[in-house]
Amino acid sequence: MPQRQVLVKRYAVAPDRLWAAIKQALITVDGVTLEQADDAQKTAAFKTGVTWTSWGQNMIAQIQPIGADQVQLQINGQIRHTFLASDWGEKIHQKGFVRNLTTAIDDLIAHPSPEAR
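Worth saying up front: this structure is predicted, and the values here are computed from it rather than measured. (Residues numbered from 1 in each chain as written. Predicted model: local features only at pLDDT ≥ 70, side-chain atom pairs only at ≥ 80, totals over all residues. Heavy atoms only, no water.)

Trainee: Got a minute to help me understand the overall build of the protein in this structure?
Mentor: Each helix and strand counted, the protein has two helices and five strands in total. Along the chain direction, N to C, the helices and strands of the protein fall in the order β-α-β-β-β-β-α. Counting over 117 residues, the protein shows a buried share of 38%. Here the analysis covers contacts within the protein between residues at least 6 apart in sequence; of these, 58% occur between residues at least 24 apart. Summed over its atoms, the accessible surface of the protein is roughly 6,800 Å², and 52% of this surface lies on carbon and sulfur atoms. (Helix = DSSP H or I, 4+ residues; strand = E, 2+ residues; numbered from the N terminus. Buried < 20%, exposed > 50% of the residue type's maximum accessible area, 1.4 Å probe, protein only. Contact = heavy atoms within 4.5 Å. Areas by Shrake-Rupley, 256 points an atom, 1.4 Å probe, with all protein chains shown as cover.)

Trainee: Just to check I follow, could you spell out the nonpolar core for this structure?
Mentor: Most often, soluble globular proteins have nonpolar side chains that are buried together. Counting residues in hydrophobic clusters, the biggest one holds 27 residues, and the most contacted among them are Leu-18, Leu-73, Ile-75 and Ile-105. Mapped by element, the contributors of at least two residues to this core are strand S1 (4-11), helix H1 (15-28), strand S3 (43-48), strand S4 (57-67), strand S5 (70-79) and helix H2 (87-110). At seven residues, H2 tops the list of elements feeding residues into this core. Residues within four places of Ile-75 in sequence aside, it is in contact with Arg-4, Gln-5, Val-6, Leu-7, Phe-46, Met-59, Ile-60, Ala-61, Phe-97 and Leu-101. (Core = buried A, V, L, I, M, F, W, Y, C linked by side-chain atoms within 4.5 Å.)

Trainee: How should I be thinking about the packing of aromatic side chains in this particular structure?
Mentor: By the definition in use, this model includes one aromatic pair. Between the aromatic rings of Phe-46 and Phe-97, the centroid separation amounts to 5.6 Å while the plane-to-plane angle is 35°, which identifies the pairing as tilted. Taken together, the residues span a long stretch of sequence, with Phe-46 in strand S3 and Phe-97 in helix H2 at a distance of 51 residues. The class of Phe-46 is buried, set by a relative accessible area of 1%. Residue classification places Phe-97 among the buried positions, given a relative accessible area of 6%. (Phe/Tyr/Trp six-rings, centres within 6.5 Å; stacked < 30°, edge-to-face > 60°.)

Trainee: Looking at this structure, I do not really get the pattern of salt bridges. What am I missing?
Mentor: Note that side chains of opposite charge can pair when their charged atoms are close. Applying the stated rule across the entire model yields three salt bridges. Close ionic contact of Lys-9 with Asp-106 constitutes a salt bridge, the shortest N to O distance being 3.3 Å. Of the two residues, Lys-9 sits in strand S1 while Asp-106 sits in helix H2, which places them 97 residues apart along the sequence. A relative accessible area of 25% places Lys-9 in the partly exposed class. Salt-bridge contacts for Asp-39 lead to Lys-23; the nearest nitrogen and oxygen are separated by 2.8 Å. Of the two residues, Asp-39 is situated in the loop between strand S2 (32-38) and S3 and Lys-23 in helix H1; the sequence distance between them amounts to 16 residues. Among the residues examined, Asp-39 registers a relative accessible area of 43% and is labelled partly exposed. (Salt bridge = Lys/Arg side-chain N within 4 Å of Asp/Glu carboxyl O.)

Trainee: Any chance you could explain the environment of Ile-27 here in plain terms?
Mentor: Secondary-structure assignment places Ile-27 in helix H1. Between the alpha carbons of Ile-27 and Phe-46 there is a distance of 9.7 Å; along the sequence they are 19 residues apart.

Bear in mind that shape data such as this cannot, by itself, settle questions of function.
As structure tokens, then:
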């Protein structure tokens with residue numbers, strides 16, 4: 001299965017602040033397992049868990065600077081297993097995951113943890 005764009009979102013923060021929030025969110029959001037984080041490239045590989053609509057997905061998150069204190073988060077995903085997988089189910093899985101992750105990132109940007117400051 002090819003990778004699918006799951007999320008593209010812009011933030012009006014410094015790249016390091018968003019990167020710290022993303023890494024923390026990927027550790028704390030339920031159903032997500034951080035596999036690898038590359039601080040130099042600001043790229044994270046992670047997996048989402050199994051739900052009633054999905055066998056889970058392999059994901060890549062990357063942030064890119066756009067301008068002064070403007071960055072873009074892009075997440076691409078690929079389903080892990082195609083057995084009994086449906087496009088409908090994967091979209092529902094992604095929608096819930098994106099909602100949970102963006103809420104966590106937004107909260108961490110607004111209220112950074114002491115280690116991220």
